[in-house]
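What follows is the residue order along each chain.
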Amino acid sequence: MTESAAVRQPSGVWRITSIVLVLVLAAAADVASIGSIVGRLFDLQLPTLSQPFPADAARPPVSTGLAAGAQNILLLGSDTWDQVNGSLVNISKQRSDTIMVVHIPADRHHVYVMSILRDSWLDLPGHGSDKINAALSYGGVPLAVQTIEGLIGTRIDHVALVDYAGYKGLTDALGGVGILNPVGFQSSASDHYYPSGMQHLTGDETLAFAREWRAFPDGDFQRVRNQQLVMRATLTKAMQPETLTDPGKVSALLSAVRPYIAVDEGLNVDYLTALAGSLASIRSTDFTFFTAPTKGIAVSSNGQSIVNLDLAKLATVQHAFQTDTLDTFEPEYQTMQTVPAQ
């Protein structure tokens, strides 16, 4: 059920792993340790975003019934670390190259992660038709949240901006990760060759593995499939008892995460402690990664390379988000099919 489509900027793996890792470290640890693990992260002074949400009038209604217990966390990835003076809190006029929604059902038995292709073409509130990643540039985090809420048909509960640059340190803090590589390839960014089959990768090797697209016939599509392999491998390694029971490793992981995240004020120690406690039974196999349905690539009327969303299938996704029934949604394999200009 894990399938995704393309992004062209460097690794989207770090963006999802960074936040999910925080939840995993707490959820998979002994319940008595949850507060100390999450508290450790906030002892490191996790930066907070001010006013990241749009006005209520521009948002979907608040969920009711069983769906009210679900949580949606929006992750906006940035590769512009050097351009925001070392602080994601100050980010402005930058496009979000990776967009993911983490859906945590009310029953807390699974975690679903939906990727949204950055070139997805849709109407941005107040700005007309454009790529979805332009929302952050035009209206900051509030417009990005409003745009994604319109796409999924329900509210985002929390939001985080993350940067991929910390992925090397995170992987090295784990002692590397094991990847079952489906397709052998030569990295275009280094002299490293990745054979097919199981292999152990360091931080540098993992980052290059997740960034590669030039070596593949289907380019970015294989890269995102590789990114999903890295995400799952990282989560699996982080959730091993020898990691969670080693205070030094936990501290190193949180230290690797902290400099590359900024969150809304509500994504705080109290929230994460309560959420982690409710996720105590979650394991790496309970994570499902998929992509918002598309109809393939195209060229817009003004000459931009875009991705067309499949609006009919997207309606099914919206219903699943609204009713907290993503377990019934079956995503399809994403292709590079070219469709007419828009």
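For the chain, an unreviewed UniProt entry supplies the name LytR family transcriptional regulator and the organism Cryobacterium glucosi. Of the comments in the UniProt record for the chain, the one headed Sequence similarities (unreviewed entry) reads "Belongs to the LytR/CpsA/Psr (LCP) family."

K.L.:
How should the sheet that holds strand S15 (residues 305–309) be read in this particular structure?
P.N.:
Note: strands within a sheet are paired through backbone hydrogen bonds, in either parallel or antiparallel orientation. The strand order across the open sheet formed by four strands is S6-S5-S15-S14, and the pairing between neighbours is mixed. Strands at the two margins of the open sheet, each flanked by one partner only, are strand S6 (128–131) and strand S14 (294–299). Put simply, the sheet's adjacent strands are angled 45° from each other on average, direction ignored. Strand direction decides the pairing type here: S14 and S15, joined by five bridges, are antiparallel. Considered in S15, the bridge of Thr294 is made with Leu309. Strands in contact with helix H3 (residues 134–152) are strand S5 (120–124), S6 and S15; relative to S5, the strand with the most contacts, it is inclined by about 95°.

K.L.:
Sorry, what's going on with the environment of Arg283 here?
P.N.:
You can see Arg283 is positioned in the loop between helix H9 (269–278) and strand S13 (287–291). Classification of Arg283 as partly exposed rests on a relative accessible area of 40%. Separated by 44 residues in the primary sequence, Arg283 and Met239 have C-alpha atoms spaced 7.3 Å apart.

K.L.:
I'm lost on the pattern of salt bridges in this one. Help?
P.N.:
Where charged atoms of side chains with opposite charge meet at close range, the side chains can pair. Evaluated as defined, the whole model comprises five salt bridges. As a salt-bridge pair, Glu332 and Lys313 come within 2.6 Å of each other at their nearest N and O atoms. A residue pair is termed long-range when its members are at least 10 positions apart, and Glu332 in the segment after helix H10 (311–323) and Lys313 in helix H10 qualify at 19 residues. With relative accessibility at 33%, the residue Lys313 sits in the partly exposed group.

K.L.:
Looking at this structure, how should I read the packing of aromatic side chains?
P.N.:
How two aromatic rings sit relative to each other is set out by the distance from centre to centre and by the angle between their planes. Under the counting rule described, the total for this entry stands at five aromatic pairs. Considering the side-chain rings of Phe185 and Tyr194, the 4.8 Å spacing of their centres and the 20° angle between planes classify their relative orientation as stacked. What makes Phe185 buried here is its relative accessible area of 2%. Considering the side-chain rings of Phe185 and Phe209, the 5.7 Å spacing of their centres and the 40° angle between planes classify their relative orientation as tilted. Within this pair, whereas Phe185 is found in strand S9 (residues 185–186), its partner Phe209 is found in helix H5 (residues 203–211), the two being separated by 24 residues in sequence. Through successive ring pairs, a cluster of aromatic residues spans Phe185, Tyr194, Phe209 and Phe216.

K.L.:
I would appreciate a short explanation of the packing of H3 against H10 in the present structure.
P.N.:
Each pair of packed helices can be described by the angle between their axes along with the distance between the axes. Contact pair H3 / H10: the axes reach a minimum separation of 8 Å and the direction vectors enclose 100°. Relative to H10, H3 is oriented roughly perpendicular. Residues Gly150, Leu151 and Ile152 of H3 touch H10, and the partners they reach there are Leu314, Gln318, Phe321 and Gln322.

K.L.:
Can you walk me through H10 in this structure?
P.N.:
Quick reminder: α-helices carry 3.6 residues per turn. Residues three or four places apart thus point the same way. For H10, built from 13 residues, the straight-helix expectation of 18 Å at 1.5 Å per residue is met to within 8% by its first-to-last C-alpha distance of 18 Å. When we look at burial in H10, the residues that qualify are Leu314, Val317, Ala320 and Phe321. Angular distribution of buried residues about the axis of H10 spans 110°; they occupy a single face of the element. Of the residues one or two after H10, Asp324 is the one with positive phi, at around 60°.

Here is what the cut-offs are and how they apply
For every chain, the first residue of the written sequence is number 1, and numbering continues from 1 onward in sequence order. Where totals are concerned, whole chains, interfaces and linings use all residues; where local detail is concerned, this predicted model gives features only for residues with pLDDT of at least 70, and gives and counts side-chain atom pairs only at 80 or more. Each side-chain value is worked out from all heavy atoms of the structure, with water and hydrogens disregarded. UniProt positions are given in the numbering used here, feature names are shortened, and annotations may be inferred rather than shown by experiment. When DSSP locates at least two bridges between a pair of strands, those strands are taken to pair. In DSSP terms, a helix is any run of H or I states spanning at least four residues, a strand is any run of E spanning at least two, and both are numbered starting from the N terminus. An axis is simply a line fitted to the C-alpha atoms; with a helix, the fit covers only the stretch in contact. Between two such axes, the angle follows the N-to-C directions and lies from 0 to 180 degrees. When checking whether two residues touch, look at their non-hydrogen atoms; a contact exists if any pair is within 4.5 Å. The cut-offs for exposure are 20% and 50% of the maximum accessible area for each residue type, with area from a 1.4 Å probe on protein chains only; residues under the lower value are buried, those over the upper are exposed, and the others partly exposed. When a carboxyl oxygen of Asp or Glu lies within 4 Å of a side-chain nitrogen of Lys or Arg, that pair is called a salt bridge. Any two of the Phe, Tyr and Trp rings considered here, Trp counted by its six-membered ring, make a pair once their centres fall within 6.5 Å; the pair's planes then place it as stacked at under 30 degrees, edge-to-face at over 60, or tilted in between. An angle counts as roughly parallel when it lies under 35 degrees, as roughly antiparallel when it exceeds 145, as roughly perpendicular when it falls between 65 and 115, and as oblique in every other case. Every helix has an expected span of 1.5 Å times one less than the residues it contains. It is the directions from the helix axis to the C-beta atoms that the arc portrays.

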